[in-house]
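Listed below, chain by chain, are the residues.
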Amino acid sequence: MAGWLFLAFAATSLLFSASAWFRARRLGAFSFLYMMSGWLTGELALQHLAWQAVATLGFALAGAFETPQAVPGLGLLFASFALLVASFVRGLSARTAGGRALAPLGRVPDADVSPTHGLLRPFGMRRAGVEKLRDIPYGPPLPGDRGRRNLLDVVRPAAPGAGRPALLQIHGGAWLIGDKREQGQPLMAHLASRGWVCFAINYRLSPQATFPDHIVDVKRAIRWIREHGAEYGADPDFLCVTGGSAGGHLTALAALSANDPRFQPGFEHVDTRLQAAVPFYGVFDFLDRHGIRGSQKMEPFLAQRVLKCTPAENPELWEAASPISHVSADAPPFLLVHGSHDSLAWSDEMHAFQRVLAEKSRAPVLVLELAGAQHAFDTFHSPRSAHVVRAVTAFLEHVYETRAQNA
């Protein structure tokens with residue numbers, strides 16, 4: 001029995017390691033399972049290597065190496081170990097990728113990232129000199145609110161200060177789930193340690209909410225920051241935006257739809273322009289007009305759960321929901337961040353969006369594509385996520401310094 005259990009363990013280990021190394025996309029119902037295994041294994045490669053090694057030792061002590069299954073089992077495990085080491089090394093390439101992405105600006109991201117960054121505490125988000133203020137209402141609850149969706153958190157330097165640059169963080173979760181405490185934490189903590197004030201928001205979620213409720217809440221939060229940001233040490237006139245997945249979609253849409261009255265009902269007069277946008281693995285075209293996703297397109301899900309109509313029934317709404325439809329010469333600076341192995345939001349769509357932005361926008365449009373990175377790679381500490389945090393910080397600080405020079 002020990003031999004067969006060891007062989008099953010070895011095969012399962014190799015399957016997880018392979019999901020981190022190899023890219024697969026058209027998996028239908030298995031896409032989410034592949035994403036989860038590739039995400040956790042790829043970002044925690046050293047941790048996976050450690051527990052697989054410890055488990056192997058346990059099997060050896062249990063006598064598994066004395067069975068006929070030992071040789072094939074060890075072969076599978078050595079292949080798993082090799083893929084984990086290769087995935088870890090590939091994650092370190094994020095430093096080079098960040099420098100390449102920022103080269104047009106003449107910026108070099110900080111290199112103060114250890115190869116073992118996050119090894120012992122990948123989910124530890126506390127940082128000295130940074131404080132978090134929880135659950136501040138940015139407006140009254142509205143229809144479609146599941147409760148606590150009208151709240152934001154503030155992540156800022158613990159030391160008093162004023163006039164600091166500000167960042168708005170929008171969580172992801174397929175427009176259905178998610179919370180402000182779950183995403184963007186490494187980036188916000190790092191920025192706060194460098195003098196930024198960050199605002200992480202909740203927003204109404206489908207299916208209770210129907211688009212454009214989600215983006216309306218983002219705009220409501222921008223209004224609140226314009227009115228109250230100074231009370232928390234922020235410069236309300238310098239506000240950038242970021243977010244991942246559905247939050248990446250809302251990031252791009254908010255940045256490109258400044259002062260659009262369709263998304264500002266009752267507060268059309270508020271200036272909702274943003275100074276820079278950093279969407280992580282976002283969705284930029286609900287209509288898949290470039291035919292990128294084919295049979296894997298998101299239209300059925302979006303029509304049923306988020307927009308609650310088909311493109312044929314309300315084409316204007318689907319166009320309005322797609323950031324690519326809003327691109328203009330007045331777009332703010334963009335840094336597009338995406339993983340090459342993302343199986344939920346494909347990097348091909350990011351590149352299509354980038355081409356449209358580059359053709360029309362007067363501002364810089366930069367791309368940071370990360371070899372081997374899966375969806376949600378930045379939600380906890382790893383060497384790759386830390387290098388990306390440094391690159392995003394360098395980009396945002398460049399925008400801030402450029403604005404100060406031109407003031």
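Small disclaimer: the values here were computed from a predicted structure and weren't measured.

K.L.:
Sorry if this is basic, but what is going on with the overall build of the protein chain here?
P.N.:
Tallying secondary structure elements over the protein chain gives 12 helices and eight strands in all. At 22 Å, the protein chain has a C-alpha radius of gyration in line with the 22 Å of a compact globule built from 407 residues. If you line up the protein chain on its principal axes, its C-alpha atoms span 75 × 50 × 40 Å. The buried share of the protein chain, reckoned over its 407 residues, is 58%.

K.L.:
Help me understand the packing of aromatic side chains in this model?
P.N.:
Two measures describe an aromatic ring pair: the distance that separates the ring centres and the angle between the ring planes. This structure, assessed with the given rule, holds 20 aromatic pairs. When the ring of Phe280 is compared with that of Phe377, the centres are 6.3 Å apart and the planes differ by 40 degrees; the resulting orientation is tilted. Taken as a pair, Phe280 in strand 6 (residues 276–280) and Phe377 in the loop between strand 8 (365–370) and helix 12 (383–406) lie far apart in primary sequence, 97 residues in all. Relative to Phe353, the ring of Phe334 has its centre 5.9 Å away and its plane inclined at 75 degrees; by these criteria the two rings are edge-to-face.

K.L.:
I'm lost on the layout of surface pockets in this one. Help?
P.N.:
Vacant regions in the atomic arrangement are exposed by a probe of water-molecule size rolled over the atoms. Reported here for the largest pocket is a volume of approximately 1000 Å³. Along the walls of the largest pocket sit 40 residues, with Phe32, Ala174, Ser245, Leu344 and His375 positioned nearest its centre. Going through the elements one at a time, helix 2 (31–43) and helix 9 (299–306) are the ones with two or more residues in the lining of the largest pocket. Ranked by residue count, the leading element in the lining of the largest pocket is helix 2, at five residues. Looking at the lining of the largest pocket, its residues break down into 22 nonpolar, 13 polar and five charged. Here the second largest pocket defines a volume of roughly 430 Å³.

K.L.:
Explanation requested: a nonpolar patch on the surface in the structure shown.
P.N.:
A cluster of nonpolar side chains, Leu27, Phe30 and Leu33, forms an exposed patch at the surface whose accessible area comes to about 310 Å². The residue Phe30 is located in the loop between helix 1 (2–21) and helix 2 in this model.

K.L.:
Looking at this structure, I do not really get the nonpolar core. What am I missing?
P.N.:
Side chains that are nonpolar tend, in soluble globular proteins, to be buried together. In this structure, Leu168, Phe199, Leu307, Phe334 and Phe353 are the most contacted members of the largest nonpolar core, which totals 58 residues. With seven residues, helix 8 (residues 246–256) is the largest single contributor of residues to this core. Discounting chain neighbours no more than four positions away, the residues touching Phe199 are Leu152, Asp153, Val154, Ala166, Leu167, Leu168, Gln169, Trp224, Ile225, Gly229 and Ala234. Core analysis: the next-biggest nonpolar cluster, separate from the first, contains 42 residues, Met35, Ala200, Val278 and Leu335 among them.

K.L.:
Please clarify how the environment of Gly91 should be interpreted in this entry.
P.N.:
Mapped onto the elements, Gly91 comes out in helix 4 (residues 70–92). When its relative accessible area of 6% is taken as the criterion, Gly91 is described as buried.

Conventions we followed
- Residues numbered from 1 in each chain as written.
- Predicted model: local features only at pLDDT ≥ 70, side-chain atom pairs only at ≥ 80, totals over all residues.
- Heavy atoms only, no water.
- Helix = DSSP H or I, 4+ residues; strand = E, 2+ residues; numbered from the N terminus.
- Rg over C-alpha atoms; globule rule 2.2 N^0.38 Å.
- Buried < 20%, exposed > 50% of the residue type's maximum accessible area, 1.4 Å probe, protein only.
- Phe/Tyr/Trp six-rings, centres within 6.5 Å; stacked < 30°, edge-to-face > 60°.
- 1 Å grid on protein atoms, 1.4 Å probe; cavity = no way out; pocket = protein on both sides within 12 Å on 5 of 7 lines; lining within 4 Å.
- Points joined across faces, edges and corners; volume = space filled by probe spheres on them.
- Nonpolar A, V, L, I, M, F, W, Y, C, P; charged D, E, K, R; others polar.
- Patch = residues over 30% accessible without salt bridge, like charges linked within 9 Å, V, L, I, M, F, W, Y side chains within 5 Å.
- Areas by Shrake-Rupley, 256 points an atom, 1.4 Å probe, with all protein chains shown as cover.
- Salt bridge = Lys/Arg side-chain N within 4 Å of Asp/Glu carboxyl O.
- Core = buried A, V, L, I, M, F, W, Y, C linked by side-chain atoms within 4.5 Å.
- Contact = heavy atoms within 4.5 Å.

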